[in-house]
Amino acid sequence: MAIERGTSEDRGPDSGPDPTEAVLYDPFVDDDDDADDDDADDDDAGDDGGFSQEEPDTEAVAFDPFAEDDDEAVDEDDEDSGISDAAYAELGDMAGLLKDLEKLRRGGGREETSQRSRLQALDTFRERRGTRRASRMVADGMVELPWVQPAEPKEALHDPTAAVVQKGIPAPALHPGDVVAGQYEILGVIAHGGMGWIYLAQDHYVAGRVVVLKGLHSTDNPDEAAAAAAEREFLADITHPGIVKIFNFIDDPRVPGGFIVMEYVGGPSLREARKAAPGHLLEPDIAIAYILEVLPALGYLHSRGVVYNDLKPDNIIVTEDQVKLIDLGAVSGIGAFGFIYGTRGFQAPEVATEGPTIESDIYTVGRTLAALIIDLPTSDGVYDPGIPTPSTEPMFRRYISLYRVIARCCHKDPALRFHSAKALELQLLGVLRELIAVRDGKTYPAQHSLFSPQRTTFGTKHLVFRTDQLIDGITRTVEITPQEVVAALPSPLINRHDVGAAMLQGSSYAEPQETLETLRQAMRTPQYKESMEIPFAVVRTMLDLGLTSQARSWLGSLDEKYGENWRFFWYFGVVNLLLGDFAQAQRDFSRVLGILPGEAAPKLAIAAVDELLLQQAGLREEQLLDDDLARACAGIRTSLDDIPSRVFQDLVAAGVLDDEWSMVADNPAMLRFHAMRLYSLVWLANPTTVSSAFGLARQLMNEGEVELAVAALDRVPQSSRHHRMAQLTAILCLVAQDLTEARIRRAARRLEEIPSTEPRFLQVKIFVLRAALTFLRQNRVYGAASHKPLFEYPFNVRGLRRGLAITLREQARVAPYPRHRYALVDMANKVRPATWF
């Protein structure tokens, strides 16, 4: 805002203080020179323009490094205060130095010293511009981005001759030395874009700074002129730290449409960074981190009603510790028509017919991320539409959630893409957490999850509970149930921006019946008419009351209004799971995963549903997969990218596996395949979700992978309250199938490390002893290869029979029912070796 200056008489006595103005800074002015002026100012201090004397206006203070410390200043005109010429002559070589100092003290040479000081400060500023600083942590501290040395502007210049000759591009209209608008001297060209050559120039009006000149839309007709005027207006108002600054708009007769003058950002583009990386591909975590740095800038543009249109690796520049979008020449309003600029291979296909939208910008984000991490197929130098599937791209097999987030960004239907940069950012953070966990074994908290943590566990005690039959004689099942799965699944968190969020939080401690009445009354209130959380809270409350069929009917009434929201599919999946419709529940949870590929909750739900489908078909304990494929699914020692692509292409050709690896399947082998890898992904990325560890162990045991099942259980941390249960389960896994002496001894050693006060110690010991005796009988040998004892008993038939009889009697002493106690004693008598007495 410009300030019109005038005299105090023009403003009047009550107009306030003088406007802020610059004051000459002279480091050599004596402190006492203005003493008289200060006295004069004190005389006029009565008219303060409405401001108190306690709060004076900001003013400059003279700084003189040669001023006397004494209160009384030395008179510079006093000749006696100096040193005589005779004295200087006697000093010899020191005379010149002292004369310079005396000259400085008297004020001589102030201008030269001040100039030197300014030049020195500028030199220091320019030198430290490229000073290397530390790398920085981004993406919630999960990725470290390196500090990038800024490039010299002249290093960015290119010789246009090759492009003119090889590609038939018209020669640049401007040449080095040309001056545009009397201000910008052309240094050369740095690239060729959709609107012609992009020039590097020096601004002679602003400290010789280097700027970029890029052509604007042409104005050959009134419509184009109006569009160009509108473009200039909103481009001039764009200010974001992640977007290149715009300095000016200029016209030049040599270039139709004129130029946009932008900040020069010295640094490599992500395209150049990819070329310099090993294998000419960026590591996926680094690429995701750079995209996460760009998304806030895109979100800013979208919030202002414009879209970027031309996101690609060339337009993302990394310099020092900044990531910036450059080249705003293609920016347009949302839904604009006319010439919408973009790059083939990156631009969304519907832009030509429907115009640019937020979803079309999201499409370019997905294409950019894919181009940074994999070799996209090309035709005539342009990326082909679509992206490779996990069946053909090993990286996508290993990081399946990364594939899903890119696939949603690049979906052919804009309605099925992410609808905001913020929504994409939240899912990318979840994908990044999972990726780092799978690759490096490092886990980070889910700070932006849309779901609560797992409320309880399922399937963690079944194998150990089966041994409780030794206590009371009651047979126990080892199958999971829909009810325990639903009770353990995470719950969707309430959207705090919803109009009904505050009311729902206040009712969370009420009884379900009371809560349902409160929700019914709230839905009749105009204040909560637009709330989305309240109708879904009704579903939760109905489920708490056991009104499952009513909850399903209520969800059906919400189809028209919320039928595309992920919460709708989640609650329908829960209802169908409780009603036993596992196939429909699988489809519902798969829709949630397609919308939220970075969330762990739908992965856990689908894995549990697939396991229930196998139980329902009676195939729970059947081996269904090839050994190599089963091991790769676990992701513990090998991963799916180690399996040749032809294996999956054959499965796709046979119709067993969907080409896009959809979670909707009914083939038993694919049910096991999806259950194993989803349990594995959840467990690797969320070590607190122990249900996934036990689920993975169950699937591995069914595939005969005992060692991997034990390895999965061993990852349950000691801090977990399920650690002891995991230890006992691992012991039982070692003696459950494919018995070997080594496994039996390992199981015994593991049990000996557990305190004997463990309530299930004796019954697990009985299972280990029985397995050892079975092993000897199956191999028709009397004793083990090693003479070392098993527990405190010799590892031979007689020693194990004796040990088993003793342990059964010990178990009988703690049996709760007399009848079962007698049964255990009878069993001990039968197994006890024969004696003479």
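Residues numbered from 1 in each chain as written. Predicted model: local features only at pLDDT ≥ 70, side-chain atom pairs only at ≥ 80, totals over all residues. Heavy atoms only, no water.

Under an unreviewed UniProt entry, the name given to the protein is non-specific serine/threonine protein kinase, and the organism recorded is Corynebacterium glaucum.

A. Representation of the overall build of the protein within the structure. Per the secondary structure count, the protein includes 35 helices and 14 strands. Taking all 837 residues of the protein together, the buried fraction comes to 47%. Considering only intrachain contacts with a sequence separation of at least 6, the fraction spanning at least 24 residues in the protein is 63%. With an accessible surface of roughly 42900 Å², the protein has 51% of that area assigned to carbon and sulfur atoms. (Helix = DSSP H or I, 4+ residues; strand = E, 2+ residues; numbered from the N terminus. Buried < 20%, exposed > 50% of the residue type's maximum accessible area, 1.4 Å probe, protein only. Contact = heavy atoms within 4.5 Å. Areas by Shrake-Rupley, 256 points an atom, 1.4 Å probe, with all protein chains shown as cover.)

B. Here's a closer look at the side chain of T319. If you trace the backbone, T319 turns up in strand β10 (residues 316-319). If we skip the residues at most four places from it in the chain, T319 touches V148, P150, V265, G266 and G267.

C. Highlighting the pattern of salt bridges. One pass over the structure, following the stated rule, counts 32 salt bridges. Across the pair R439 and D285 runs a salt bridge whose closest N-O atoms are separated by 2.9 Å. Note that R439 is positioned in helix α14 (residues 421-440) and D285 in helix α9 (residues 284-303), a separation of 154 residues in sequence. Residue class for D285 comes out buried when judged on its relative accessible area of 9%. We note a salt bridge from E350 to R417, for which the minimum N-O separation is 2.7 Å. With E350 in the loop between β12 (332-333) and α10 (351-354) and R417 in the loop between α13 (400-409) and α14, the pair connects residues that are 67 residues apart, well separated along the chain. You can call R417 buried: its relative accessible area is 0%. Where salt bridges share partners, they join E283, D285, R439 and D440 into one cluster. (Salt bridge = Lys/Arg side-chain N within 4 Å of Asp/Glu carboxyl O.)

D. Focus on the packing of α9 against α14. The geometry of α9 relative to α14 is characterised by a closest axis approach of 10 Å and an angle of 165° between their N-to-C directions. Classified by the angle their axes make, α9 and α14 are roughly antiparallel. The interaxial crossing formed by α9 with α14 has left-handed handedness. Residues P284, D285, I288, I291, L292, L295 and G299 of α9 form the contact with α14, whose own contacting residues are A421, L424, E425, L428, L429, V431, L432, L435 and R439. Of the residues contributing to the contact of α9 with α14, the split by class is 12 nonpolar, 1 polar and 3 charged. (Axes fitted to C-alpha atoms, helices over the stretch in contact; angles between N-to-C directions. Parallel < 35°, antiparallel > 145°, perpendicular 65-115°, else oblique. Left-handed = near helix turned anticlockwise from the far one by under 90°. Nonpolar A, V, L, I, M, F, W, Y, C, P; charged D, E, K, R; others polar.)

E. Structural view of the sheet that holds strand β8 (residues 255-263). Strand order in this open sheet of 6 strands is β3-β4-β5-β6-β8-β7, and the pairing throughout is antiparallel. At either margin of the open sheet sits one strand with a lone partner, and together these are β3 (179-180) and β7 (246-252). When strand β4 (residues 184-193) meets strand β5 (residues 196-203), the two strands line up antiparallel, connected through 8 bridges. If you follow G188 over to β5, its bridge partner there is L200. (Pairing = 2+ DSSP bridges.)

F. Spotlight on the packing of aromatic side chains. The full count for this structure, using the stated rule, is 12 aromatic pairs. Taking the centre distance of 5.8 Å and the plane angle of 85° together, the rings of Y199 and F259 count as edge-to-face. With Y199 in strand β5 and F259 in strand β8, this pair connects stretches of sequence that are 60 residues apart. Grouping residues by exposure puts Y199 and F259 together as buried. With 5.8 Å between their ring centres and 20° between their planes, F536 and Y571 make a pair best called stacked. With F536 in helix α20 (residues 533-544) and Y571 in helix α23 (residues 566-578), this pair connects stretches of sequence that are 35 residues apart. F536 gets classed as buried once you look at its relative accessible area, which sits at 0%. Accessibility expressed as a relative area gives 3% for Y571, which makes it buried. Here the aromatic cluster, defined as three or more aromatic residues joined through ring pairs, consists of F451, W566, W570 and F589. A cation over a ring is seen here: R408 above F418, with NZ or CZ 4.1 Å from the ring centre. One Lys or Arg, K765, reaches over the ring of F791 and ends 5.2 Å from the middle of that ring. (Phe/Tyr/Trp six-rings, centres within 6.5 Å; stacked < 30°, edge-to-face > 60°. Lys NZ or Arg CZ within 6 Å of the ring centre and 35° of its normal.)

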